[in-house]
Amino acid sequence: MTVRVRVAPSPTGHLHVGTARAALFNWLYARHHGGTFILRIDDTDRERSTAAYEEDILDSLRWLGLDWDEGVGVGGPHGDYRQSSRYERYQQAAADLVASGAAYYDNRSPDELEALRRRAEEEHLHPGHYIRRPEKAVAEGAVRLSVPPDQPVVFEDLVRGKISFEARDIDDFVILRSDGTPTYHLASTVDDVDYDITHVARGEDLLPSTPKHILITRALGAGEPGYAHLPLLFGTDGKKLSKRHGAESLSTYRDEGYLPDAVFNYLSLLGWSIDGDRTIFTRDEAIAAFDLIDVSRNPAVFDPDKLSWMNGEYIRATDPEEFRAMARPHVEAAIGRSLDEEEWSRFEEVSDLVQERTRFLPEAGEQVVFLFEDFEYDQAAWDKVMAKDGVPGILKTAQERLAAVDDWAAADIEAVLRGMLEEMGLGAAKGLQPLRVAVTGTSVSPPLFESLAALGKEKTLARLEQAQRELAG
RNA sequence: GGUCCCGUCGUCCAGUGGCCUAGGACGCCGGCCUUUCAAGCCGGAAACGCCGGUUCGAAUCCGGUCGGGACUGCCA
């Protein structure tokens, strides 16, 4: 039997990192087994579903490199893979279940239902305990599945092992609403059956729903898939991952210049590991090693710091030419306009040094603004460095010496400046920081000599001049 | 309240009865390098929730306890 797995996001928001991680694990499982990875869109919530969100989800999945073999956008033998186009199928399935006696119509009011729940609760029973088929049959209303009494629903979860629910703790849940629309349980299960899904790997939040899905599957006369309930993702405060953690949607990471390979690598480590000591590895290595059985059972905290570190690792490992191409839009964004050819060559001079210092792409832009734009001095840097004795002399001497440099290259600049330091009896830290602040506006920048070389002689001298005026004034 | 799940450094993982005076990674601290910041290198602090039991021997097996989480809807 060939593996068929799926991810089924609802287009009611951006692709959540939790969903992305689930998609990633399904994808790895499919690729490892040479199986089929399917993308289904669970858009039964017509109110909140939008085409824009659906597009964002597809984009995010593609960006992460999770290509799907069947589903929305690529087609396949099962229609358009949107639940919104399968209402008739769900209604038919519900009708079949009623006909076979596995389900029944129920027109009890919310108040009646509520009373039953209260009674169960008072008796310390599961709230759904008394939600059962009424004595008197009706032919309208919602459709509920009739849970077979007295036999526990037992299944073997790939990550958690044997899991068992007593029938008395499962209520006769609604599968088709009185307006004829299917509930999640019905739609999702019918699709999994119809699409021949072999393994359902999804968030642990759906573990309590699984016996319901198994019951529907059996009532439909189908065989159950394997289940794997993945540990949930939390924020650094231990709360459920949300916007507040700055990590909610995958598109955020794309927009902020993270590399898909890094995000892929990081996500794969949330609830899984390739072995005891490798942290950085390729997709192919992950595919070769992945198995749902190895997924961890405990919830994972999403750590933005570790992702940043990993992104830096990937950026440093990027081919320099490729890095320049990736950095360009961010450099241009930092200065708010596009670069001409001459300016671009300035960036190219220091790009290797910038690459080493970049954890995520926008930082690449921030580091080189001084090459292209006039700037305001960073006040803290100015106060700390420029207020010291001797600074005017350093600036003046440096300006004079540099003015005499003919071959404006980093090595020559360094030679001249080092000569100056020696003559003035200054240490490198003390003598060079004022120049850095004068020329870049901040106390943190790429290495000084290379920065001056890339900036150009004329601009360097002008900035030294300006800093002196600033000090004098 | 009920059902189910989970419990190794702050965090993510390794560990499936002896190889564990518990390993790797992020983060943190210190040092080296050094023109700043990074990177790199070296070193350090840091965990088996607790109590019993099984066993010659337990992070690993069992029981209990405590703690956390998910679900509990004609949402998904």
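What you see is a predicted model; the values in this text were computed from it and never measured.

Caption draft 1: Focus on the protein's contact with RNA strand B. Of all residues adjacent to RNA strand B, which total 65 residues, the nearest are Arg177, Gly271, Ser273, Arg436 and Ser445. Restricting attention to atoms of RNA strand B within 4 Å of the protein, one finds that 74% of them are sugar or phosphate atoms. In this structure, a sugar or linking oxygen belonging to RNA strand B sits 2.7 Å away from a main-chain N or O atom of Leu269. Measuring from a phosphate oxygen of RNA strand B, one finds a side-chain N or O atom of Arg359 at 3.5 Å.

Caption draft 2: Geometry of helix H5 (residues 184–194). Burial analysis of H5 places eight of its eleven residues in the buried class, the great majority of the element. When H5 is considered as a whole, its buried residues turn out to be His185, Leu186, Ala187, Ser188, Thr189, Val190, Asp191 and Asp192. If you follow the buried residues of H5, they end up packed against strand E1 (4–7), helix H3 (87–99), strand E8 (174–176), strand E9 (199–203) and helix H6 (210–219). Looking one or two residues beyond H5, the residue adopting positive phi is Asp196, at roughly 55 degrees.

Caption draft 3: A look at the packing of aromatic side chains. Counted by the stated rule, this structure contains 14 aromatic pairs. Between Tyr258 and Phe360, the ring centres sit 5.6 Å apart and the planes meet at 5 degrees, which makes this aromatic pair stacked. Pair noted here: Tyr258 is in the loop between helix H7 (250–255) and helix H8 (260–268) and Phe360 is in the loop between helix H12 (341–356) and helix H13 (362–368), with a separation of 102 residues, a long-range link. Of the residues examined, Tyr258 reaches a relative accessible area of 10% and is grouped as buried.

Caption draft 4: Representation of the domain arrangement of chain A. Each assigned domain of chain A is listed here: domain 1 (4–83 + 233–301), domain 2 (86–230), domain 3 (318–371) and domain 4 (379–472). For domain 2 versus domain 4, the separation of C-alpha centres amounts to 74 Å.

Caption draft 5: Summary view of the pairing of strand E7 (residues 161–165). With five bridges joining them, strand E6 (residues 153–157) and E7 adopt antiparallel strand pairing. From the neighbouring strand, Glu156 faces E7, where its bridge partner is Lys162. Counting the residues in the hairpin turn of E6 and E7 gives three residues.

Caption draft 6: Structural detail: the nonpolar core. Ile175 and Leu267 are the most contacted members of the largest nonpolar core, which has 132 residues in total. Those residues in contact with Ile175 that sit more than four places away from it in its chain are Ala94, Leu97, Ala103, Val143, Arg144, Leu145, Thr181, Pro182, Thr183, Leu186 and Ile216.

Caption draft 7: Local environment of the packing of helix H17 (residues 428–440) against helix H19 (residues 457–472). Packing of H17 against H19 brings their axes to within 8 Å, and their N-to-C directions diverge by 105 degrees. Between H17 and H19, the angle falls in the class roughly perpendicular. Contacts from Leu435, Ala438 and Val439 in H17 reach Thr460, Arg463, Leu464 and Ala467 in H19. Split into classes, the residues belonging to the contact of H17 with H19 amount to five nonpolar, one polar and one charged.

Caption draft 8: Summary view of the sheet that holds strand E4 (residues 103–106). Sheet architecture is open: three strands sit in the order E4-E5-E8, paired in antiparallel fashion. The open sheet is flanked by E4 and E8, the only strands paired with a single partner. Strand-to-strand, the axes of this sheet are offset by a mean angle of 45 degrees, without reference to chain direction.

Caption draft 9: Examining the side chain of Gln83 more closely. Counting through the fold element by element, Gln83 comes out in the loop between strand E3 (70–71) and H3. A polar atom in the side chain of Gln83 sits 3.2 Å from the side chain of Asp42. Apart from the residues within four sequence positions on either side, Gln83 is in contact with Arg40, Ile41, Asp42, Asp43, Thr44, Tyr90, Ala187, Ser188 and Asp191.

Caption draft 10: Examining the pattern of salt bridges more closely. Following the criterion strictly, the structure yields 37 salt bridges and no others. Residues joined in a network through salt bridges with shared partners are Arg6, Arg40, Asp42, Arg86, Arg89, Asp191, Asp192 and Asp194.

Caption draft 11: Representation of a negative patch on the surface within the structure. On the surface, Asp111, Glu112, Glu114, Glu121 and Glu122 cluster together into a negatively charged patch. Take Glu122: it is sitting in helix H4 (residues 110–122). According to the relative accessible area criterion, Glu122 is exposed, its value standing at 61%.

Caption draft 12: The packing of H17 against helix H18 (residues 448–455), seen in detail. Their axes nearest at 11 Å, the elements H17 and H18 cross at an angle of 35 degrees. As for the relative orientation of H17 and H18, their crossing is left-handed in sense. Contacts between H17 and H18 pair Leu432, Leu435, Arg436 and Val439 from the former with Leu448, Phe449, Leu452 and Leu455 from the latter. When the residues that make up the contact of H17 with H18 are grouped by side-chain class, the tally is seven nonpolar, no polar and one charged.

Caption draft 13: Summary view of the environment of Glu55. With respect to the helices and strands, the residue Glu55 is situated in helix H2 (residues 51–64). Judged by relative accessible area, Glu55 falls into the partly exposed class, the value being 37%.

Caption draft 14: Inspection of helix H1 (residues 17–32) at higher detail. Counted at 1.5 Å a residue, the expected span for H1 with its 16 residues is 22 Å, and the 22 Å between its end C-alpha atoms agrees. In terms of residue burial, H1 counts as a mostly covered element, since twelve of its 16 residues are buried. Within H1 the residues assigned to the buried category are Val17, Ala20, Arg21, Ala22, Ala23, Leu24, Phe25, Asn26, Trp27, Leu28, Tyr29 and Ala30. Where H1 terminates, the next one or two residues include Gly34, which has phi positive at roughly 65 degrees.

Caption draft 15: View of the pairing of strand E10 (residues 226–230). Counting buried residues along E10, five of its five residues qualify, which places the element largely inside the surrounding structure. Of the two faces of E10, both are covered, the one formed by Gly226, Ala228 and Leu230 as well as the one formed by Tyr227 and His229. Pairing geometry for E9 and E10, over five bridges, is parallel. Of the residues in E10, the one forming a bridge with His199 is Gly226.

Caption draft 16: Spatial organisation of the environment of Leu15. Tracing the backbone shows Leu15 in the loop between E1 and H1. Separated by 234 residues in the primary sequence, Leu15 and Ser249 have C-alpha atoms spaced 5.4 Å apart. Apart from residues no more than four positions distant in its own chain, Leu15 is found in contact with Ala20, Asp56, Ile57, Ser60, Leu61, Glu248, Ser249 and Leu250.

Rules used in this analysis
Residues numbered from 1 in each chain as written. Chains lettered and ligands numbered in written order. Predicted model: local features only at pLDDT ≥ 70, side-chain atom pairs only at ≥ 80, totals over all residues. Heavy atoms only, no water. Near = heavy atom within 4 Å. Polar contact = N/O pair within 3.5 Å; in protein donor to acceptor, adjacent residues only side chain to side chain. Buried < 20%, exposed > 50% of the residue type's maximum accessible area, 1.4 Å probe, protein only. Helix = DSSP H or I, 4+ residues; strand = E, 2+ residues; numbered from the N terminus. Contact = heavy atoms within 4.5 Å. Phe/Tyr/Trp six-rings, centres within 6.5 Å; stacked < 30°, edge-to-face > 60°. Domains from an automatic or database assignment. Pairing = 2+ DSSP bridges. Core = buried A, V, L, I, M, F, W, Y, C linked by side-chain atoms within 4.5 Å. Axes fitted to C-alpha atoms, helices over the stretch in contact; angles between N-to-C directions. Parallel < 35°, antiparallel > 145°, perpendicular 65-115°, else oblique. Nonpolar A, V, L, I, M, F, W, Y, C, P; charged D, E, K, R; others polar. Salt bridge = Lys/Arg side-chain N within 4 Å of Asp/Glu carboxyl O. Patch = residues over 30% accessible without salt bridge, like charges linked within 9 Å, V, L, I, M, F, W, Y side chains within 5 Å. Areas by Shrake-Rupley, 256 points an atom, 1.4 Å probe, with all protein chains shown as cover. Lys, Arg positive; Asp, Glu negative; His and termini not counted. Charge placed at Lys NZ, Arg CZ, Asp CG, Glu CD. Left-handed = near helix turned anticlockwise from the far one by under 90°. Expected span 1.5 Å × (residues − 1).

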